[in-house]
Amino acid sequence: MEQEQHHSEKYHERHERIWFMFLPPFVWALHLLACYLTAAIWCAKYSGSANSFTTVRIAIGIYTLLAIAVIGYSGWSGFRRHRHLAADLSHNDDTPLDRYRFLGMATFLLAALSTVATLFVATVALFFGNCD
Amino acid sequence: MKVIEMPAASDAVKAKLICAGILISGCSGSQSALSPAGAGAEQIASLFWWMAGGATIIWVIMIALSIYTLHLNPDAHHRQKSALFIIGGGAIAPTIILTILLIYGLNLLPALLARPPAGTLQIEVQGYQWWWRVRYPNQSGEPIELANEIRLPRGEPVEFILSSKDVVHSFWIPSLGGKVDMIPGRTTHLTLHPTKTGRFRGACAEYCGASHAYMNFTVDVVEKAEYDEWLAQQSADRLAPRNEAAERGEELFLQTGCGACHTIRGTEADGTIGPDLTHIGSRNSLGADMFVNNRENLQNWIAHVSALKPGVKMPEFRALSDDEYQSLSKYLEQLK
Ligand SMILES: [Cu+2]
């Protein structure tokens, strides 16, 4: 009982940082937008007659590293929250602790999805050598 | 159900299976990406078959699994094994398969989009509501302007220089390759490489207004010698009227104001609003592949064009007499 009391204080809803769960997909969307805008603006204004794409590729490489770093960090912290104070995987009880752990799991899974999606976006840059 | 004959044997079998399976017979013919006659279309068709094959396999596995779990083995399953199965089959396998397909597809693209080597035949095509202006290069300067029909030599690349004068159109010859948008104020490029002779159909593939569905063209892929001969013939001025009716027709053409919009090389008619009519009699079809090109349809076109082609940018000439329609269409018909 005392334990329960302690939990509901520590893991009270406002501590659950529900918005944190949306960080990975948000970074994925941002990464896509940044890649798209960079390529479009570069090719329209600066690429020159050779239509060179190297600068865009480097930029996309940097965006991708940054994006993966942020997504990786949130995924890892989500995973840690899910592991918090529990030996098994279940998180289905109606308690603050389980909600806290469930959100951790959801963050982790969204981060995994966002990682794949971000890498898929970046793959395009590997195959295109010029603005045509 | 009758399945339309396919030119290539191996594709024929596949296409017949698909056609028979889903009860349509639109998979083959002159406007099909699945009976390729160009290098790009061949790659696109094989991409399609890989995708379709992969999707079929996945579908079969999924259906088999649901039959297994619902009917063959409905009891509770081992918890941990099932979890592994769900993660493996539901997350890891799709990621791997999608990655492979993505890389395969992306790998095709640069070659399909690459600009061809210098010296490649370049044909300029402009999209209009609802027809196509076509310009062929000419050794002696001025390009040769034609319309609504494209002729290509077999076995060599051709680059289309595409643009639009009004709204967005899209230039697509499914049997030869991919499609590229024609965007007002911009120039886009499409390289095709026809590998088989024959007649194919091209279409506008971007909705562009009332008569979008009637904005098509025929493509004749012929041997190089035949192409050169044809182009030389098309570059000449119009054939002078050969009989009285045609002579009367040419007069009428100039008098009624057709020449304000249409060019007929060799006459005073030099309008550029509508398609060039110098060799209209030699075209396969009328009105951007809408009607068979014959005298009767020519006459109907001039008299009832707004009723035939909604929104068309050519006025109807209803005030002429039967005799005059006859002369006009006889004249146009003999402009081979
Ligand atoms: Cu259209």
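Procedures and definitions
- Every chain begins its residue count from 1, and numbering advances along the sequence as written.
- To label them, take the chains in the order written and letter them from A, then take the ligands in the order written and number them from 1.
- Owing to the predicted nature of the model, reporting of local features is limited to residues with pLDDT of at least 70; listing and counting of side-chain atom pairs is limited to 80 or more, with chain, interface and lining totals taken over all residues.
- Side-chain figures throughout are based on the complete set of non-hydrogen atoms in the structure, without hydrogens or water.
- Segments assigned H or I by DSSP are reported as helices when at least four residues long, segments assigned E as strands when at least two residues long, and all are numbered from the N terminus.
- Only protein chains enter the calculation, and the probe is 1.4 Å; a residue is then buried if its accessible area is under 20% of its type maximum, exposed if over 50%, and partly exposed in between.
- Each accessible area is a Shrake-Rupley estimate made with a 1.4 Å probe; only the visible protein chains count as cover when residues are assessed.
- Residue-level confidence of the predictor, termed pLDDT, takes values from 0 up to 100.
- Should any heavy atoms of two residues lie within 4.5 Å, those residues are counted as being in contact.
- Stacked, tilted and edge-to-face are the three classes assigned to paired rings of Phe, Tyr and Trp, where Trp is represented by its six-membered ring and a pair needs centres within 6.5 Å; plane angles under 30 degrees give stacked, over 60 edge-to-face, the rest tilted.
- Whether a charge sits over a ring depends on NZ of Lys or CZ of Arg being within 6 Å of the ring centre and within 35 degrees of the ring normal.
- Domain limits in this description derive from either an automatic procedure or a database domain assignment.
- Each of two parts loses accessible area, computed with a 1.4 Å probe, when they are put together; buried area is these two losses added.
- Salt bridges are defined as contacts in which a side-chain nitrogen from Lys or Arg sits within 4 Å of a carboxyl oxygen from Asp or Glu.
- The definition of a polar contact used here is a pair of N or O atoms within 3.5 Å, where within protein one atom must be able to donate a hydrogen and the other to accept one, and adjacent residues in sequence count solely through side-chain atom pairs.
- The nonpolar class holds Ala, Val, Leu, Ile, Met, Phe, Trp, Tyr, Cys and Pro. Asp, Glu, Lys and Arg form the charged class, and all remaining residues, Gly among them, are polar.

1. Notes on the overall build of chain A
Then, number 1: The helix and strand tally for chain A stands at four helices and zero strands.
Then, number 2: Along chain A, helices (α) and strands (β) appear in the sequence α-α-α-α when read from the amino end.
Then, number 3: In chain A, which comprises 132 residues, the proportion classed as buried is 34%.
Then, number 4: When the accessible surface of chain A is totalled, it reaches about 8400 Å², and 68% of it is carbon and sulfur.

2. A few points about the confidence of the model for chain B
Residue and element names in this part refer to chain B.
Then, number 1: Looking at chain B, the pLDDT average stands at 88 and 92% of residues meet or exceed 70.
Then, number 2: Confidence, expressed as mean pLDDT per element, reaches its minimum in chain B at helix α1 (residues 9-22) with 48 and its maximum at strand β6 (residues 169-172) with 97.
Then, number 3: Confidence over residues 15-25 falls short of pLDDT 50; this stretch has 16 contacts with residues more than four positions distant or in other chains.
Then, number 4: Interface confidence for the predicted complex, expressed as ipTM, amounts to 0.79; the pTM equals 0.80.

3. Some details on the packing of aromatic side chains
Then, number 1: This model, assessed by the stated rule, comprises 14 aromatic pairs over all chains.
Then, number 2: Between Phe48(B) and Trp49(B) the ring centres are 5.1 Å apart and the planes differ by 75°, which places this aromatic pair in the edge-to-face class.
Then, number 3: Residue Trp49(B) is classed as buried on the basis of its relative accessible area of 15%.
Then, number 4: Between Phe171(B) and Phe217(B), the ring centres sit 5.2 Å apart and the planes meet at 15°, which makes this aromatic pair stacked. Of this pair, Phe171(B) sits in strand β6 while Phe217(B) sits in strand β10 (residues 216-222); the two residues are 46 residues apart in sequence, bridging distant segments of the chain.
Then, number 5: Residue class for Phe171(B) comes out buried when judged on its relative accessible area of 0%.
Then, number 6: A network of ring pairs unites the aromatic residues Trp132(B), Phe160(B), Phe171(B) and Phe217(B) as a single cluster.
Then, number 7: Over the ring of Trp76(A) we find Arg80(A), and its NZ or CZ is 4.8 Å from the ring centre.
Then, number 8: One cation-aromatic arrangement involves Lys179(B) over Trp172(B); the distance from NZ or CZ to the ring centre is 4.2 Å.

4. Considering the domain arrangement of chain B
Residues and elements named next belong to chain B.
Then, number 1: Segmentation of chain B into domains returns domain 1 (1-75 + 115-224) and domain 2 (244-334).
Then, number 2: Taken together, the 21 residues of domain 1 in the interface contact 19 residues of domain 2.
Then, number 3: Together domain 1 and domain 2 conceal approximately 1600 Å² of surface at their shared face, both sides included; 48% is due to carbon and sulfur atoms.
Then, number 4: Along the contact surface separating domain 1 from domain 2 lie one salt bridge.
Then, number 5: For arginine 201, the salt bridge is made with aspartate 289, and the minimal N-O distance between the two is 2.9 Å.
Then, number 6: At the surface where domain 1 touches domain 2, the tally comes to 13 residue pairs in polar contact (both at pLDDT 80 or more).
Then, number 7: When contributions to the side of domain 1 that touches domain 2 are tallied by element, the ones reaching two or more residues are β2 (131-138), β3 (141-147), β9 (198-204) and β10.
Then, number 8: Here the side of domain 1 that touches domain 2 is built from residues that sort into 10 nonpolar, five polar and six charged.

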